[in-house]
Amino acid sequence: MRNIDFSSWQSVLATLIGLALVTLIGVSIRLVVMFTIQQRRERMNRQINERLRTLIAAYKTLGGSFTGNLAVDPAHLRDLRRRAEPDGEGETVPAAGAEGSDRARRIRDAVEAALSDIILLGTEEQVRLAERAARELVAGHPVHTHDLVISLRDFIREALDLDPIPAGLAIPMQGPTRPSGASGGRKGESGRGEGRQGGGGGMGAGMGMGMGIGGGVGLASGANADDPLAPDQQSSTP
């Protein structure tokens, strides 16, 4: 304030210009800082959202079942072939438990993908549990994912600022989601049936058109032959 001079209009103008420059510089610095902080916050929010989305999908894959066999079968197709038992005629018959191997294979593949995502984006505890489950799968042992499901559930609820699960609840043991492929087979069969019906209809329509055209030509030629005033006969008459 001691440098502000109001003795003349030149000094007043210089003072105002100086104040404007100082204010402009201060506002510019503040905008740059706010823009940088906002970009960093948006990047962190995107990372958190992507992490939560991935872990929620892994939770649904690893803990979507409450009943039935909740263990992940690590057997591959080659292992099932090794378990095949030869019969008396020298032919191989699938061993017991080979039925439904396609469902077990799809469950195993989905669980392996979920474990890979957890190892990438999970917490330290979740990474340790996923690593242990992956080693069990590699060793060929059946794996239960209930402990990992509990860790994921607690982390997701805390990240979403939800109340913790009440301690008095007795939630059953959770296991991998069982995929259903029956609807796809029915859709494929219905599609093939519709294709066959469409092909039959096309053949019928083509035969009908052919018969209609042939019949029309035949009738026309017969009529010209019987008509005494046909153009050919008229030209032959004197």
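Residues numbered from 1 in each chain as written. Predicted model: local features only at pLDDT ≥ 70, side-chain atom pairs only at ≥ 80, totals over all residues. Heavy atoms only, no water.

Enquirer: Just to check I follow, could you spell out the overall build of the chain for this structure?
Expert: Each helix and strand counted, the chain has seven helices and two strands in total. Along the chain, helices (α) and strands (β) appear in the sequence α-α-β-β-α-α-α-α-α when read from the amino end. Within the chain, buried positions represent 18% of all 238 residues. For the chain, the proportion of contacts with a sequence separation of at least 24, taken over those separated by at least 6, is 71%. Here the chain has roughly 17600 Å² of accessible surface; of this, 59% comes from carbon and sulfur atoms. (Helix = DSSP H or I, 4+ residues; strand = E, 2+ residues; numbered from the N terminus. Buried < 20%, exposed > 50% of the residue type's maximum accessible area, 1.4 Å probe, protein only. Contact = heavy atoms within 4.5 Å. Areas by Shrake-Rupley, 256 points an atom, 1.4 Å probe, with all protein chains shown as cover.)

Enquirer: How should helix H5 (residues 146-159) be read in this particular structure?
Expert: Helical geometry: 3.6 residues make up each α-helical turn, so side chains three or four residues apart lie on a common side. In this model, H5 (14 residues) spans 20 Å end to end at C-alpha, consistent with the 20 Å of a helix rising 1.5 Å per residue. If you check which residues of H5 are buried, you get His146, Leu148, Val149, Ser151, Leu152, Arg153, Phe155 and Ile156. Positioned one or two residues after H5, Asp161 has a phi angle of 60°, which is positive. (Expected span 1.5 Å × (residues − 1).)

Enquirer: Whenever I open this one, the packing of helix H4 (residues 124-139) against H5 confuses me. Can you help?
Expert: For the pair H4 and H5, the least separation of the axes is 10 Å and the interaxial angle reads 160°. For the element pair H4 / H5, the angle class is roughly antiparallel. Judged by the twist between their axes, the crossing of H4 over H5 is left-handed. Residue-level contacts link Glu125, Gln126, Leu129, Ala130 and Arg132 of H4 to Asp147, Leu148, Ser151, Leu152 and Phe155 of H5. Of the residues that constitute the contact of H4 with H5, the class distribution is five nonpolar, two polar and three charged. (Axes fitted to C-alpha atoms, helices over the stretch in contact; angles between N-to-C directions. Parallel < 35°, antiparallel > 145°, perpendicular 65-115°, else oblique. Left-handed = near helix turned anticlockwise from the far one by under 90°. Nonpolar A, V, L, I, M, F, W, Y, C, P; charged D, E, K, R; others polar.)

Enquirer: For this particular structure, what's the right way to read the nonpolar core?
Expert: Soluble globular proteins: nonpolar side chains tend toward being buried together. Of all hydrophobic cores here, the largest spans 20 residues; its most connected members are Leu62, Val111, Leu115, Ile118 and Leu148. Residue assignment for this core shows that the elements contributing at least two residues are helix H1 (9-62), helix H3 (101-121), H4 and H5. Leaving out residues up to four positions away in the same chain, Leu62 has contacts with Val111, Ala114, Leu115, Ile118, Thr145, Leu148, Val149, Leu152, Gln174, Gly175 and Pro176. (Core = buried A, V, L, I, M, F, W, Y, C linked by side-chain atoms within 4.5 Å.)

Enquirer: Would you explain the packing of H1 against H5 in this entry?
Expert: To describe two helices that pack against each other, one gives the angle between their axes and the distance between the axes. Orientation of H1 relative to H5, taken along the N-to-C sense of each, is 145°, at an axis distance of 10 Å. Crossing geometry of H1 relative to H5 is assigned as left-handed. Only Leu148, Val149, Leu152, Arg153, Phe155, Ile156 and Ala159 of H5 make contact with H1, whose side of the interface consists of Arg51, Leu52, Leu55, Ile56, Ala58, Tyr59 and Leu62. Partitioned by chemical class, the residues of the contact of H1 with H5 number twelve nonpolar, no polar and two charged.

Enquirer: Whenever I open this one, the pattern of salt bridges confuses me. Can you help?
Expert: Within this structure, the stated rule accounts for nine salt bridges. Put simply, Glu112 and Arg108 hold a salt bridge, and the shortest N to O gap is 3.9 Å. Taken as a pair, Glu112 and Arg108 lie in helix H3 at a separation of four residues, close to a single helical turn. Each of Asp102, Arg105, Arg106, Arg108, Asp109 and Glu112 takes part in one network of salt bridges that share partners. (Salt bridge = Lys/Arg side-chain N within 4 Å of Asp/Glu carboxyl O.)

Everything listed here is a matter of geometry and, on its own, says nothing about what the molecule does.
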